[in-house]
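Residues per chain, in single letters:
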4 protein chains.
Amino acid sequence: MRYLTAGESHGPQLTTIIEGMPAGMPLIAEDINNELARRQKGYGRGRRMQIEKDEVQITAGIRHGQTLGSPIALVVENNDWKHWTGIMGQEPLDDPSSEAVKRKISRPRPGHADLNGAIKYGHRDMRNVLERSSARETTVRVAAGAAAKKLLSLLGVELVAHVVEIGGVKAQNLSYSSLEELREVTEESPVRCFDTAAGKEMMAAIDEAKKNGDTIGGVVEVIAEGMPAGVGSYVHYDRKLDGKLAAAIMSINAFKGVEIGIGFEAARKPGSQVHDEIAWEEGRGYFRKTNRLGGFEGGMTTGMPIVVRGVMKPIPTLYKPLLSVDIDSKEPFSASIERSDACAVPAAAVVCENVVAWELASALVDQFYADRFDTLKATIEEQRRTARDF
Amino acid sequence: MRYLTAGESHGPQLTTIIEGMPAGMPLIAEDINNELARRQKGYGRGRRMQIEKDEVQITAGIRHGQTLGSPIALVVENNDWKHWTGIMGQEPLDDPSSEAVKRKISRPRPGHADLNGAIKYGHRDMRNVLERSSARETTVRVAAGAAAKKLLSLLGVELVAHVVEIGGVKAQNLSYSSLEELREVTEESPVRCFDTAAGKEMMAAIDEAKKNGDTIGGVVEVIAEGMPAGVGSYVHYDRKLDGKLAAAIMSINAFKGVEIGIGFEAARKPGSQVHDEIAWEEGRGYFRKTNRLGGFEGGMTTGMPIVVRGVMKPIPTLYKPLLSVDIDSKEPFSASIERSDACAVPAAAVVCENVVAWELASALVDQFYADRFDTLKATIEEQRRTARDF
Amino acid sequence: MRYLTAGESHGPQLTTIIEGMPAGMPLIAEDINNELARRQKGYGRGRRMQIEKDEVQITAGIRHGQTLGSPIALVVENNDWKHWTGIMGQEPLDDPSSEAVKRKISRPRPGHADLNGAIKYGHRDMRNVLERSSARETTVRVAAGAAAKKLLSLLGVELVAHVVEIGGVKAQNLSYSSLEELREVTEESPVRCFDTAAGKEMMAAIDEAKKNGDTIGGVVEVIAEGMPAGVGSYVHYDRKLDGKLAAAIMSINAFKGVEIGIGFEAARKPGSQVHDEIAWEEGRGYFRKTNRLGGFEGGMTTGMPIVVRGVMKPIPTLYKPLLSVDIDSKEPFSASIERSDACAVPAAAVVCENVVAWELASALVDQFYADRFDTLKATIEEQRRTARDF
Amino acid sequence: MRYLTAGESHGPQLTTIIEGMPAGMPLIAEDINNELARRQKGYGRGRRMQIEKDEVQITAGIRHGQTLGSPIALVVENNDWKHWTGIMGQEPLDDPSSEAVKRKISRPRPGHADLNGAIKYGHRDMRNVLERSSARETTVRVAAGAAAKKLLSLLGVELVAHVVEIGGVKAQNLSYSSLEELREVTEESPVRCFDTAAGKEMMAAIDEAKKNGDTIGGVVEVIAEGMPAGVGSYVHYDRKLDGKLAAAIMSINAFKGVEIGIGFEAARKPGSQVHDEIAWEEGRGYFRKTNRLGGFEGGMTTGMPIVVRGVMKPIPTLYKPLLSVDIDSKEPFSASIERSDACAVPAAAVVCENVVAWELASALVDQFYADRFDTLKATIEEQRRTARDF
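Since this is a predicted model, take the numbers as computed values, not measurements.

Participant: Would you take a moment to explain the relation of the copies chain B and chain A for this structure?
Facilitator: Between the two chain copies there is a screw-like relation: a rotation about an axis and a shift along it. In screw terms, the move from chain B to chain A is a rotation of 180° and a rise of 0.0 Å along the axis, fitting with an RMSD of 0.0 Å. The relationship between the two copies is best expressed as a two-fold rotation axis. Within chain B, Ala247(B) has its C-alpha nearest the rotation axis, a separation of 2.4 Å. Mapped onto chain A, 100% of the interface residues of chain B are again interface residues, and the two copies thus contact each other with one and the same surface.

What follows is the structure, given as structure tokens:
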């Protein structure tokens, strides 16, 4: 599977084309809208989330509630495009003194793509950069991921993302008994945290940051259960599924790190406490007694839950300004303030969940017999049987 | 640029083909052998490193010390292949009672690709898995990276990998004044650690682990200086260079996490202490006053040093055995001991350095005018000028 | 550069996302609409071409008449979608006796994707196949090609497609003095034929076919002038530009062959009459005295005009029916007649032209320094100088 | 599946790495050597074919006669490398007056990659181009294809290439009763022609060309039987299997055209005589009464025999010289004569066969469940059943 996305933050719409989804899979707009709505929630979001309730239009690839096998096109309109037609219009400007020209951005914000992007693409108006580098683009990454998540769910693979740290506050209690419980509790939490007490502290930390004109980041964990063993491959470095997950997480706006299983803790423990012993039971087949390696050995799934964490830096658009330099005057300035969120980690958790869903679904589609959803399902079940009886 | 690798750990040889290297670039076997030798050093390595002194043969793509533009083939022979021709031979076995059959492996080692790989590819003899999943393969990833590193060096991009943590011992003193100093000091350190005192503690920790029949992991940091600004791109998620680095590091055998700049620390600090203020000076152009983001904003280089860290888990082959299950008898057993290293982090640092070199060089070759080395160099210099005068 | 397309023939719209176009290139809707209009013309087209005047909407990647460097999204609405919302709707059907179900297609047409596509994707209603396999999709391949053609034109590369054969009638007079003359004359010809007399015979052949309830195909030739020498590469088989052109032409609906330069005639002539002698003149540099090889040697451009021809089979939807088999009843039937064109070769010439434009533009963008249009232009000019002074 | 090749014509060896071949498939050196030997035969070949009997070494990916799933490395040594170590050595030259420098090539041959390649890669010594652009490289494309052909054969897909035209002499009698008969007869023919009488004329034409110091080309046809229906796809232009075959054929050295089924004849016949009527029989399923479309509809296999033809131009290295220009002196000269074949079409037929085999095998591996050879086989058989019972 592959997909491309297009769209500027204040352009008419965001679009994605997904190519390679099996035919005959149930998929409706609601499946996608649910994920879009989850992405827009979260304690600490700014005003824009209220303006825009994102809704998807399916413009290709689905008929009567099922995938056709042909490319799927998904569109999410920007509701405030009507206010931006002058500034973001496609046609050449007649009037060089227009608002669009006046709204030219010559002041790069620290921590954003503004300056590097301007240098790379030769833009003197950095609006040409920030319109695309904006996290608004994750809307359609979520839309693509939602389709992937539906595919996984129909194949018995479930995933949940939750927030394990915000602004230095860590979730302590992670003793959920099932993925379902984790989902239910975190879905109710404004910060997507399973540990209610920690969640309250996180909200307090967000309030504090907002009061200071500052922002805070955090750590998201995605857990996926139900993947068959042996997805991914050790035979060539670029086929390792953990590597693909790492790239996917790191490519989300503002993410600076990714780890699998116990991750960086592996540097502090002896091998005898890091690796997972292998056991076998009649009817169940092989399993690991622990899951410190987070569901991966040799770049392949072990059949244990996949556990991947990513760290999101604080949003760089601060009310408490940082120094930067105007690219025209070369004069320093305090970086301009736009409306902003104090913390976007809960929303980013939804992005992570859907981005991981995409990689897992892609891996299944690429590895199995996937023109039709029924053959994909049948060959995955065969793989599960093979693993159990091996 | 792209490359493929082939080769089993006890097969006749390892091979890589590199496609897309510019023509007219100086490259000799010594450039590659230097890196191969560095990979074989390191406190805590086992016996195999003494047996085999890896040397490259260039079998295509180079003539009279310069790249031709055609694919480069590099071969590293396995010196003990002569002892393995029976067990690892290419031709069908005549004698079903031969040693090769007797040496069949039915006992998967925890933490290795053995079991998942066997299930995936249908191998009842797990030698068929471990021969390829072995870290021996990193030999030719280093060979490919060495060619990339040469290209970078000729373009004014230098990189050094050093060890910042082993078995819970962290380097404290990282106050090197230049990349050159960092290189010189770490090149002399048996654990590739800049902090001599910490280095000694690391060695003690390795000795301790070895004594306990255990293993330890650690954290490697790669620093690259000299990359022009604007390499990578924010316009599409799969073009972000930090994402590619994450995949590259995570795909090294035994790596479980990767972070850029301050990485996971970004979850614990307010935005005002995470982002790097932008400054400008006549003749120098733009720069950041700090480098917490590790040389990346928006998936692109900022022109500041690239800082990427990866965590390596302890080697899973322990003298202190873990429980596993024989796939034929389904009986539990204590995982078999082969000769092993107690700590491979110093060697893995060399792998990281070369793997990062590959990604950076690829990004330059893909982005600039790179059929010829001279045009690549000229367009990169133009990019640097553009960035400085922007 | 890469692009994906989506859209069903009677769905709401066709969409393409183009990724990798350089920033700062002028591009407006009119550039694309011109090509869409050319595609809809041509003697022998059926009724649908009158219903729908295709017009593009640019929904991403362009601002104020210039490319941003971010992905470009282009949409062409299907004007009669309003009549198809029931049959082609995205949501599940409530009423199983609805028209959509009644309009189920169980009769595969010979020469179409219907039967193979149904088997592959498991569709019992072959509308699920034909909606995507329809040549309607070429609308957005032309849209993507139009953007590529604009890029080429701004770089001094011009191309023209013309019809050299229809239904066995061959153009005899091809003595145009310039590409401009070829363009002007063929643009006026209802069959895009330079030879006016042959053009009249072609139209008579089309009339005759229509009268017989039959269809006819033909041969299209694309000529491109101005490409620098050395685009493409001999170093690896999948980098040969003539190979990419062959794939691009063969992948157009109904195309069954492709040839370059004298093509299949090369089997009938001695080598001394096939190869082009090399000459050199001060100020002009190298050139070939003839151009039998159609602008390619070793998978690379020679700097001479590129000449590529493709053959289009007659449209398979005939009034004169062919036998086929109903997939439900397994009874034979005479293949159903839908409104159809008797000859689509003139329109297909426009598709060819734009598809070739895409491949040439992609090759330039991939090979040169192409983040910005100005650097692309500068490095291509440098390449031309290098070739001239070599 | 993917593969890379490396190697210069007079370098030490040719190498290919094949990645993605299923595990557990029987494959031995003899399978590959058979194809290498077939490639070296053929009436009209020059002296080099006698010097070198190509034999493959398998250096990775195979153990005890079976594929491991890991990358396969194949090496073919150049037997006369020992005479070329000075001219083609990898290390820098000490002596600037050495033979290597004296053997510098400044005279580009018409019809070869020499001049374009030199301009592209900046080589003043065109040996740096011709060593790689040489058809010697097809040796390892055949080796990779031989592995693919073995896979196809084990899956019940057989293919045969035969020569249908040389130097204007066409095979008239093509009334073979089975692919096996076609193979047996053409395998005995020095020109790989089924029509014995035409074969004799072809040999006479080759003799005549040789006498004149000239060369001739021809047309090769590849027929593949046994592919299941629905391989390839209509859903996206770059997934059409006929397009991939076109690219593969066109990328063989000296090929200038490719057609499928009746190919260019489709421009001369009405639709009613071009398309293949669909029929159905109990137990057999669907079939076409004719096979004018050569096994493809909508970019997918129909289950009928695949028929693809390619045209090879005469070898450009003539005893009867063509004019060219010395790139140093800019003086015209008569293009230098090296030992050469008068006709390489019979050998090119073997290349075509193996190159087509690669594309077909890749399409199967990519589409089905292909980690293990047994699952690949089972899912392809399921596809055949589905097609039959559809």
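Participant: Mind showing me how you'd approach the UniProt feature "binding site: FMN" (unreviewed entry) in chain A here?
Facilitator: If you check UniProt for "binding site: FMN" (unreviewed entry), the listed places come out as Arg132(A), Ser133(A), Ser134(A), Asn253(A), Ala254(A), Gly298(A), Lys313(A), Pro314(A), Ile315(A), Pro316(A), Thr317(A) and Arg339(A) in our numbering. Note that Arg132(A) resides in helix H6 (residues 127-133). Take Arg132(A): its relative accessible area is 2%, and that puts it in the buried class. Dropping the residues within four chain positions of it, Arg132(A) is found in contact with Thr5(A), Ala6(A), Gly7(A), Glu8(A), Glu137(A), Tyr234(B), Val235(B), His236(B), Ser70(C) and Pro71(C). Only 2.8 Å separates the side chain of Arg132(A) from the side chain of Thr5(A), close enough to count as a polar contact. Note on placement: Ser134(A) falls in the loop between H6 and helix H7 (138-154). Sequence-distant contacts of Ser134(A), that is, excluding residues within four places in its chain, are made with Ser9(A) and Asn253(A).

Participant: Honestly, the sheet that holds strand S8 (residues 169-170) of chain A in this entry has me stumped. Any pointers?
Facilitator: Sheet strands pair by backbone hydrogen bonding; their relative direction is either parallel or antiparallel. With antiparallel pairing, 10 strands are arranged side by side in an open sheet as S8(A)-S7(A)-S9(A)-S15(A)-S10(A)-S10(B)-S15(B)-S9(B)-S7(B)-S8(B). Here the strands that pair on one side only, and so sit at the sheet edges, are S8 of chain A together with strand S8 (169-170) of chain B. With 7 bridges connecting them, strand S9 (residues 218-225) of chain B and strand S15 (residues 306-312) of chain B associate as antiparallel partners. What sits directly across from Val219(B), in S15(B), is Val311(B). The strands that helix H10 (residues 241-250) of chain B touches are strand S10 (255-260) of chain A together with strand S10 (255-260) and S15 of chain B; relative to S10(B), the one it contacts most, it runs at about 155°.

Participant: Sorry if this is basic, but what is going on with the interface of chain C and chain A here?
Facilitator: Size of an interface: often given as the accessible area lost when the parts come together. Each partner contributes to the interface: chain C provides 51 residues, whereas chain A provides 51 residues. Summing both partners gives a buried area of about 4,100 Å² for chain C against chain A, and 58% of it is carried by carbon and sulfur. The largest contributions to the chain C side of the interface with chain A come from Leu4(C), Arg63(C) and His64(C), which together make up 19% of the buried area. The shortest N-O distance in the salt bridge between Asp371(A) and Lys120(C) comes to 3.1 Å. Our enumeration of links across chain C and chain A arrives at 24 residue pairs in polar contact (both at pLDDT 80 or more).

Participant: I'm lost on the side chain of Arg141(D) in this one. Help?
Facilitator: Here Arg141(D) is to be found in helix H7 (residues 138-154). Comment: no salt bridge for buried Arg141(D); closest opposite-charge side chain is Glu137(D), at 4.8 Å. Among residues more than four places away in sequence, those in contact with Arg141(D) are Tyr237(C), Tyr3(D), Thr5(D), Ala248(D), Ser251(D), Ile252(D) and Val355(D).

Participant: Quick question: what am I supposed to make of the pattern of salt bridges here?
Facilitator: Pairs may arise between side chains of opposite charge once their charged atoms sit close together. Within this structure, the stated rule accounts for 124 salt bridges over all chains. For Asp238(C), the salt bridge is made with Arg2(B), and the minimal N-O distance between the two is 2.8 Å. Linking Asp238(C) in the loop between strand S9 (218-225) and helix H10 (241-250) with Arg2(B) in strand S1 (residues 2-6), this pair reaches from one chain into another. For Asp238(C), a relative accessible area of 31% gives the class partly exposed. Put simply, Asp326(C) and Arg107(C) hold a salt bridge, and the shortest N to O gap is 3.3 Å.

Participant: Any chance you could explain the interface of chain B and chain A here in plain terms?
Facilitator: With 105 residues of chain B at the contact, the number on the chain A side is 105 residues. Across the interface of chain B and chain A, roughly 8,300 Å² is buried in total on both sides, 63% from carbon and sulfur atoms. Along the contact surface separating chain B from chain A lie 2 salt bridges. Summed over the shared surface of chain B and chain A, the result is 45 residue pairs in polar contact (both at pLDDT 80 or more). With 7 residues, the single largest contributor to the side of chain B that touches chain A is helix H5 (residues 114-121) of chain B. In terms of residue class, the side of chain B that touches chain A is built from 47 nonpolar, 34 polar and 24 charged. Judged from the 3 bridges that link them, S10(A) and S10(B) form a sheet pairing that is antiparallel.

Participant: Please clarify how the packing of aromatic side chains should be interpreted in this entry.
Facilitator: By convention here, two paired aromatic rings are described through the distance between centres and the angle between planes. Counted by the stated rule, this structure contains 22 aromatic pairs over all chains. When the ring of Phe368(A) is compared with that of Tyr369(D), the centres are 5.0 Å apart and the planes differ by 35°; the resulting orientation is tilted. Residue Phe368(A) is found in the loop between helix H11 (345-367) and helix H12 (373-389), and its partner Tyr369(D) is found in the loop between helix H11 (345-367) and helix H12 (373-389); the two belong to separate chains. Each member of the pair, Phe368(A) together with Tyr369(D), is buried. These aromatic residues form a ring-pair network of at least three members: Tyr3(A), Trp358(A) and Tyr237(B). The side chain of Arg124(C) reaches across the aromatic face of Phe390(D), ending 4.4 Å from its centre.

Participant: When you look at the side chain of Glu165(A) in this model, what are you seeing that I'm missing?
Facilitator: Within the secondary structure layout, Glu165(A) lies in strand S7 (residues 158-166). Judged by its relative accessible area of 4%, Glu165(A) is buried. Of the polar contacts made by the side chain of Glu165(A), one reaches the side chain of Arg268(B); its length is 2.6 Å. Those residues within four positions of Glu165(A) in sequence are excluded, and the remaining contacts are Lys170(A), Met202(A), Gly217(A), Gly218(A), Val219(A), Val345(A), Ala267(B) and Arg268(B).

Thresholds, definitions, all that
Residues numbered from 1 in each chain as written. Chains lettered and ligands numbered in written order. Predicted model: local features only at pLDDT ≥ 70, side-chain atom pairs only at ≥ 80, totals over all residues. Heavy atoms only, no water. Least-squares fit on C-alpha atoms with pLDDT ≥ 70 in both. Contact = heavy atoms within 4.5 Å. UniProt positions renumbered as here; feature names shortened; annotations may be inferred. Helix = DSSP H or I, 4+ residues; strand = E, 2+ residues; numbered from the N terminus. Buried < 20%, exposed > 50% of the residue type's maximum accessible area, 1.4 Å probe, protein only. Polar contact = N/O pair within 3.5 Å; in protein donor to acceptor, adjacent residues only side chain to side chain. Pairing = 2+ DSSP bridges. Axes fitted to C-alpha atoms, helices over the stretch in contact; angles between N-to-C directions. Buried area = accessible area lost by both parts, 1.4 Å probe. Salt bridge = Lys/Arg side-chain N within 4 Å of Asp/Glu carboxyl O. Lys, Arg positive; Asp, Glu negative; His and termini not counted. Nonpolar A, V, L, I, M, F, W, Y, C, P; charged D, E, K, R; others polar. Phe/Tyr/Trp six-rings, centres within 6.5 Å; stacked < 30°, edge-to-face > 60°. Lys NZ or Arg CZ within 6 Å of the ring centre and 35° of its normal.

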